[in-house]
Amino acid sequence: MAAGATAAKLHLSSAAAAGRRPSLLHLAAVAVLCSLSYLLGIWHHGGFSTAPTAGASAAVSIATAVSCASPTPTVSAGSSSPSSAGPLDFAAHHTAEGMEAEAAPRQRAYEACPAKYSEYTPCEDVDRSLRFSRDRLVYRERHCPSSDAERQRCLVPAPRGYRNPFPWPASRDVAWFANVPHKELTVEKAVQNWIRVDGDKFRFPGGGTMFPRGADAYIDDIGRIIPLRDGSIRTALDTGCGVASWGAYLLSRNILAMSFAPRDSHEAQVQFALERGVPAMIGVLASNRLTYPARSFDMAHCSRCLIPWQLYDGLYLIEIDRVLRPGGYWILSGPPINWKKHWKGWARTREDLNAEQQAIEKVAKSLCWKKVMEVGDIAIWQKPTNHIHCKAIHKVIKSPPFCSSQNPDAAWYDKMETCITPLPEVSDLKEVAGGELKKWPERLTAVPPRIASGSIEGVTEEMYVEDTELWKRRVGHYKSVISQFGQKGRYRNLLDMNAKFGSFAAALVDDPVWVMNMVPTVGNSTTLGVIYERGLIGSYQDWCEGMSTYPRTYDLIHADSVFTLYNGRCEMENILLEMDRILRPEGTVIIRDDVDLLVKIKSIADGMRWNSQIVDHEDGPLVREKLLLVVKTYWTLGDNKQWE
């Protein structure tokens, strides 16, 4: 019983014992105390809604005020009795199932990491990489912390003076120097027009080692050889991407490139790309497969990417063959292409360069690729649309053999092999293995061949169509409760941590954003191939580990049922700290999950310099699934502000 009511009862008892009748003053006091007790009870059960407390950043609240128009009483979240209609209550009133309120997790205030961790990439840590073999660049592959002692349980700081990136499309050509304070590339690549410093900004002129006239002109040269504007080419892979100018300029042609480069002596290549608002990840061709399923990309590209394609029995070209779709193209510019013109500038002998080109041609031929054309500094090959002829040829050649038992889509620490990944069987020479894709943009919503063929167990066409419509509605709801979502240019780089079929990204296709669709390795990872068939990009990921990207990569992170998926697999704290690492200051997080988990998540998030609110499901307060909406507050290296 409330303390006020108890006091009133005690007062009445003492009055009766004295044999005196209570006065009007006493009765009034009892009424006031009972009223206060009643009001306190309503407040305790969430009957009143308060405005969110202002945070340290300009982004104070991400939840737009919503009023209940219906006069019918509604049930507040966590309450068993109806309350009067009024503003939705975004406060959390739940505790984890089976837990008393007093047993809820205690809030911990997370400290900022030391300054040296400003660009920390946990699975590509430079010091840890030195423990591994230099052979075939194995030391530059993913090597994540192997124990809790190696994990950083602190908040990665932004550099002093960090500013929100320029909105797209301005960001393609300019970035703040303070955000990526590295001048190495401006010196090393000065004559190649990659990047230059202009006061407090970097400028990206669009140049490259093999495209001195700029990326746009270089892409036009490619477009004279293969079709780049009719929608038949939508997804591209750029190996050794530099600052990703090739991918940046392909976007105007509705081609979405996955660019990657290792974390190496060219400081922050991938970080520059992401700061520009261009898709990119840290990655390298070494011993592991690239983290994409078979038949993902319409086109793959290497512009002086320094990958030894001819070595190790053609292993790296064999891996490119695995991820190229039937009929896909491989583009090579730089050594050894056009060596007769460039050999002196490349400081190599004619014989050496000629031998390298002949070795590459031999590997391409063994993969049954057809050389489309070599013009100037560009050479292009095309993969066959099926393997009918190729298998007949390999009955004689037999090198490399066709793989017999591997899963062609497995690509999470799976080793590359010197065997050809067989394409799905066809009955006719003109048939496209695995099913022909629609041209863009029709392929975004058309039923993907992997689903239409029934090759993904338990997934039907109806499920896919329903999922697409569901996420259109859900994204509409997000825009209604997150005011920033409707602001053009507020977001550019988005991450979907549990993408399934990529329908969240598909619902945003008309917005000036791109989405990295991650498919967790612990779930149904067979759906990543569907995402690529839709003309979207993504990767496999185990969220118990760090992501292969730099800090402050994404403007918005979407986590649908991620914590349910990983419940019991690894610590919730580790996933949240990784999300904080890759989220930009003043960035947004949408966590969709069971309310009991969200209560636990919020108790951790409140100690991470995040402003958060639990919001009802789009279908109303009676649904157990809720949304936790978050804004990361702005703070930088050396900010000594005390956080409560």
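Up top is the structure.
Residues numbered from 1 in each chain as written. Predicted model: local features only at pLDDT ≥ 70, side-chain atom pairs only at ≥ 80, totals over all residues. Heavy atoms only, no water.

Q: So what's going on with unusual backbone geometry? Which residues, and what values?
A: Going from proline 335 to proline 336, the amide bond is cis rather than trans, its omega being 5°. Looking at the element boundaries, proline 336 is found in the loop between strand E10 (324–333) and helix H9 (339–342). The omega torsion of the bond from tryptophan 440 to proline 441 falls at 10°, within 30 degrees of zero and hence cis. Topologically, proline 441 is positioned in the loop between helix H11 (388–394) and helix H12 (442–445). The phi torsion at asparagine 254 lies on the positive side, around 60°, for a residue other than glycine. Tracing the sequence through the fold places asparagine 254 in the loop between helix H6 (245–250) and strand E7 (256–261). Look at tyrosine 413: it is not a glycine, yet its phi comes out positive at around 65°. (Helix = DSSP H or I, 4+ residues; strand = E, 2+ residues; numbered from the N terminus.)

Q: Pulling in residues and values, what's your account of the sheet that holds strand E5 (residues 201–203)?
A: Spatially, E3-E5-E4 is the arrangement adopted by the three strands of the open sheet, whose pairing is antiparallel. Both edges of this open sheet fall to strand E3 (174–176) and strand E4 (196–198), since each of them pairs with a single strand only. Strand-to-strand, the axes of this sheet are offset by a mean angle of 35°, without reference to chain direction. Relative to E5, E4 runs antiparallel, the two being bridged by three bridges. Looking at the pairing, arginine 196 lines up with arginine 203 of E5. (Pairing = 2+ DSSP bridges. Axes fitted to C-alpha atoms, helices over the stretch in contact; angles between N-to-C directions.)

Q: Explain the pattern of salt bridges to me, and be specific about the residues and the numbers.
A: Across all of its chains, the model carries 43 salt bridges by this definition. Glutamate 625 serves as the salt-bridge partner of arginine 592, at 3.0 Å between the closest nitrogen and oxygen. Placement of the pair is arginine 592 in strand E17 (residues 583–594) and glutamate 625 in strand E19 (residues 625–632), with a sequence separation of 33 residues. Across the pair, exposure class does not vary: arginine 592 and glutamate 625 are buried alike. When salt bridges with common partners are traced through the structure, they connect Arg108, Asp148, Arg151, Arg153, Glu571 and Glu573 into a single cluster. (Salt bridge = Lys/Arg side-chain N within 4 Å of Asp/Glu carboxyl O. Buried < 20%, exposed > 50% of the residue type's maximum accessible area, 1.4 Å probe, protein only.)

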